[in-house]
Amino acid sequence: MEDGKKISNFIWDFIDEELAQGIRDNVYTRFPPEPNGYLHIGHAKAIYINFTTAQKYNGKTNLRFDDTNPAKEDTEFVESIQQDIKWLGYNWNKLCFGSDYFHQTYLYAIELIKKGLAYVDDLTAEDIKNYRGTLVTQGIESPYRNRGVEENLELFTQMKEGKFADGEKVLRAKIDMNSPNVVLRDPVIYRILHAYHHNTKDEWCIYPLYDFAHPIQDAIEGVTYSLCSLEFENNRPLYDWVLNNLDDFKKVRPRQIEFARLNLENTVMSKRFLKRLIDEGIADGWDDPRLPTLCGLRRRGVSPDAIRNFCEAIGISKSNSEVEFALFEHMIRDDLKPKANRVMAVLDPVKVVITNYEKDKIEYLPISNNQDNEELGERMVPFGKELYIEREDFMEVPPSKYHRLYPGNEVRLMGAYFIKCENVIKDNDGNIIQINCTYDEKTKNGLGFTERKVKGTIHWVEATTCEKFKANLYEQLLLDDDGTDKDYMERINPQSLKEVTAYCEPCLKDANAGEVFQFVRNGYFAVDSKASEQGMPVFNRTVSLKSSYKVSQ
RNA sequence: AGGGGCAUGGCCAAGUCGGUAAGGCAACGGACUUUGACUCCGUAAUUCGUAGGUUCGAGUCCUGCUGCCCCUGCCA
């Protein structure tokens, strides 16, 4: 995916071919979310595909809210969806609504009726279902199938005028009740719904169904490639049928191409499930940092770049697959690596006293903010006689290959001095409450000391100046699939959120909401945009750091 | 009377007119290292679901078989 290597996928191959053969000369795509929920990482893949496909060919992409069903939509989502797409870094050419075309769509339905290709059916929903047949048996034609054009026109007009109750009649396309593709067995294309629509208010009481409305919307907007997910493959013949039978669209029709939607390990994207998590209080809203929603990921500290890079890395294909979460984490770290300031914070503290360091003295040591990006500058970090280090960075009886602190061993305090453990103090229960060390002044950071080396470098924080802030440590919300087909609710990870107190360098007091830091050796942490207050940030762990350390016996 | 798709190392995924298996992630070695991070080197498919066939030669063409996904909303 770098330099010379061209990215290839079946969609772009297909477009290249059509362009080469002169079948068309432009590329126009659309992203058509239904405004009934928040966007998640799965949508991000669809957004990525639609927008980058257009970009690649100097084409355009429309954002079109698919609002043909008034019962399910909410204006709240119309706002949030736009925000999320912009946040991801994409700009649409036109902002449209499926409802913008209600009148035209209605006229096209009449065209079909006049051509004898659509009829009003009085059958009940249940009968329509029964008459449709099954996957292995033929369908039966409705007794109303052969009504005359005039009668159909009259009835359809009455439907529009509100003469009938919901469900009393529908308009159906007259295709083939014997088609092996059930989608083609005279699909319903208009239903009666006396419902308030967020855009058209009470203007309509009949609404087109997706299969009829979508191809028309695409065609009206000049969309050339209607990219959607695999489950619409069976609907493509109907998509084509609609356009083929409408005079306006006979010539150059948009082409529907289906790709596999994203499945991410230990992640569920279903709206139903996400909503349940929120309703039952397992998640604290659509932007809970453990959720795969774009607003959740944003609050978690994941950047749009990381998401786009991820989408590029997973590729586009037609095979149902499940991507390992590790790939996503890699993209998150890879993105944050040069951007985030690296600071020290201790999440599970144990006190260290440097016995030969002057009492009450505090010295300020310059430490680079990011060794891999010197442009980020440096900061002064207070150092003193009493410090906190990570509990797991000390062991009284170390296993082999343990490079951290243990009695008699010397380690480097990052950015400061070498210290050597002399002894420990325990409480009555045998818990270590203090580690006494001595330091060597000659080993101070920056002095170029090379007389001896240490195997380990650990992070620390000065005890009297450090700040205590809340940190949320996240893990996967769902436990690994054990192959027993458990309900998702049974896979909820009880450890998905662990709240701890982080002992932080004083500089973190000024952290701004949304800012992401690397807590050295602990991971990347983002300042929560909701819970943080001025001078009192709350940190969300975006992702931990990799570690090749394995505890040996 | 079923139809439509998909099968390439642990996970994604490229594979042009058939010419002798890209890349990323993960894993494992090793080097480097003031993050056991990063970086850097190195390692795995005689083999492309399977059985045959065509061919000098097949992941790529043909046939059969198997497995998985989607379709019987007046949802999208």
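A brief structural summary. (Residues numbered from 1 in each chain as written. Chains lettered and ligands numbered in written order. Predicted model: local features only at pLDDT ≥ 70, side-chain atom pairs only at ≥ 80, totals over all residues. Heavy atoms only, no water.)

Before going further, it helps to examine the overall build of chain A. A tally of helices and strands in chain A yields 12 helices and 25 strands. Split into buried and exposed, the 553 residues of chain A put 52% on the buried side. Within chain A, counting contacts between residues at least 6 apart in sequence, those at least 24 apart form 69% of the total. Accessible surface computed for chain A: about 26,300 Å², of which carbon and sulfur atoms make up 47%. Each charge class in chain A can be summarised by its mean position, and for the 72 positive and 89 negative side chains these summaries are 3 Å apart. (Helix = DSSP H or I, 4+ residues; strand = E, 2+ residues; numbered from the N terminus. Buried < 20%, exposed > 50% of the residue type's maximum accessible area, 1.4 Å probe, protein only. Contact = heavy atoms within 4.5 Å. Areas by Shrake-Rupley, 256 points an atom, 1.4 Å probe, with all protein chains shown as cover. Lys, Arg positive; Asp, Glu negative; His and termini not counted. Charge placed at Lys NZ, Arg CZ, Asp CG, Glu CD.)

Looking now at the pattern of salt bridges. Scanning the entire structure with this criterion turns up 44 salt bridges. One salt bridge in this structure joins E363 and K444, with 3.1 Å as the shortest N-O distance. Of this pair, E363 sits in strand β13 (residues 362-368) while K444 sits in the loop between β18 (432-440) and β19 (457-458), and the two are 81 residues apart along the sequence. The class for E363 is buried, based on a relative accessible area of 11%. Take K444: its relative accessible area is 26%, and that puts it in the partly exposed class. The closest approach of N and O atoms between K426 and E396, which form a salt bridge, is 3.0 Å. Taken together, the residues K426 in strand β17 (residues 418-426) and E396 in the loop between β15 (386-390) and β16 (410-413) connect sequence positions 30 residues apart. (Salt bridge = Lys/Arg side-chain N within 4 Å of Asp/Glu carboxyl O.)

Around RNA strand B sit 69 residues, and of these V136, N178, R342, R404 and N445 come closest. Between RNA strand B and the protein, one listed contact pairs a phosphate oxygen with a side-chain N or O atom of K337 at 3.2 Å. Q518 places a side-chain nitrogen or oxygen 2.5 Å from a base nitrogen of RNA strand B. Secondary structure elements with two or more residues in the surface near RNA strand B: α5 (125-131), β6 (188-192) and α12 (325-336). (Near = heavy atom within 4 Å. Polar contact = N/O pair within 3.5 Å; in protein donor to acceptor, adjacent residues only side chain to side chain.)

This part takes up the sheet that holds strand β2 (residues 60-65). Pairing within the open sheet is parallel, and its 3 strands lie in the order β1-β2-β3. Each edge of the open sheet is held by one strand with a lone partner, namely β1 (28-31) and β3 (95-97). Between one strand and the next, the sheet's axes are offset by a mean angle of 35°, whatever the strand orientation. In terms of strand pairing, β1 meets β2 through 4 bridges, oriented parallel. Following the sheet pairing, T29 is matched in β2 by T61. Against the sheet, helix α2 (residues 41-56) engages β1 and β2, with an angle of about 160° to β1. In this fold helix α7 (residues 210-221) packs onto β1, β2 and β3, with an angle of close to 140° to the strand it touches most, β2. (Pairing = 2+ DSSP bridges. Axes fitted to C-alpha atoms, helices over the stretch in contact; angles between N-to-C directions.)

Attention shifts here to the packing of aromatic side chains. Scanning the entire structure with this criterion turns up 28 aromatic pairs. Taking 6.5 Å as the distance between ring centres and 65° as the angle between the ring planes, the aromatic pair formed by Y402 and Y549 counts as edge-to-face. A residue pair is termed long-range when its members are at least 10 positions apart, and Y402 in the loop between β15 and β16 and Y549 in the segment after β25 (538-543) qualify at 147 residues. On the accessibility criterion, Y549 (31% relative accessible area) is partly exposed. (Phe/Tyr/Trp six-rings, centres within 6.5 Å; stacked < 30°, edge-to-face > 60°.)

Okay, unusual backbone geometry next. Even without being glycine, N266 reaches a positive phi, approximately 60°. Tracing the backbone shows N266 in the loop between β9 (255-259) and α9 (271-279). Owing to a relative accessible area of 11%, N266 belongs among the buried residues under this scheme.

This part is about a nonpolar patch on the surface. A grouping of I362, Y364 and M380 is seen on the molecular surface, where their side chains present a nonpolar patch of about 300 Å² in accessible area. Topologically, Y364 is positioned in strand β13. (Patch = residues over 30% accessible without salt bridge, like charges linked within 9 Å, V, L, I, M, F, W, Y side chains within 5 Å.)

Our next topic: the sheet that holds β6. Strand order in the open sheet formed by 4 strands is β4-β5-β6-β7, and the pairing between neighbours is antiparallel. Edge positions in the sheet fall to β4 (118-121) and β7 (206-208), since each has one partner strand and no second. Pairs of neighbouring strands in the sheet enclose a mean axial angle of 20°, with direction left out of account. Bridge count for strand β5 (residues 170-173) against β6 is 3 bridges, and the pairing is antiparallel.

Quick look at the pairing of strand β14 (residues 378-384) now. Across the 7 residues that make up β14, a large majority, 5, are buried. Strand direction decides the pairing type here: β13 and β14, joined by 7 bridges, are antiparallel. Counted as the bridge partner of I367 is R379 from β14.

Another aspect to go through is the pairing of strand β22 (residues 497-504). Strand direction decides the pairing type here: strand β11 (residues 345-346) and β22, joined by 2 bridges, are antiparallel. Bridge pairing links A345 to C504 in β22. The pairing of strand β21 (residues 467-474) with β22 spans 8 bridges and is classified as antiparallel. Within β22, the position partnered with F469 by the bridge is A502.

What follows is about the side chain of S99. Here S99 is to be found in the loop between β3 and α4 (102-114). Taking the relative accessible area as the measure of exposure, S99 reaches 5% and is therefore buried. Of note is the side chain of S99, whose polar atom sits 3.1 Å from the side chain of N199. For S99, the contacting residues outside a window of four places in its chain are D67, H197, N199 and T200.

Below, the discussion takes up helix α6 (residues 149-160). Compared with the 16 Å implied by 1.5 Å per residue over 12 residues, the 16 Å span of α6 between its first and last C-alpha is a close match. Taken together, the buried positions of α6 are N152, L153, L155, F156 and M159. Where α6 is buried, its residues contact α4, β4, β5, β6 and β7. Where α6 ends, the next residue or the one after it, G162, has phi of about 85°, a positive value. (Expected span 1.5 Å × (residues − 1).)

Keep in mind these values describe shape, not function.
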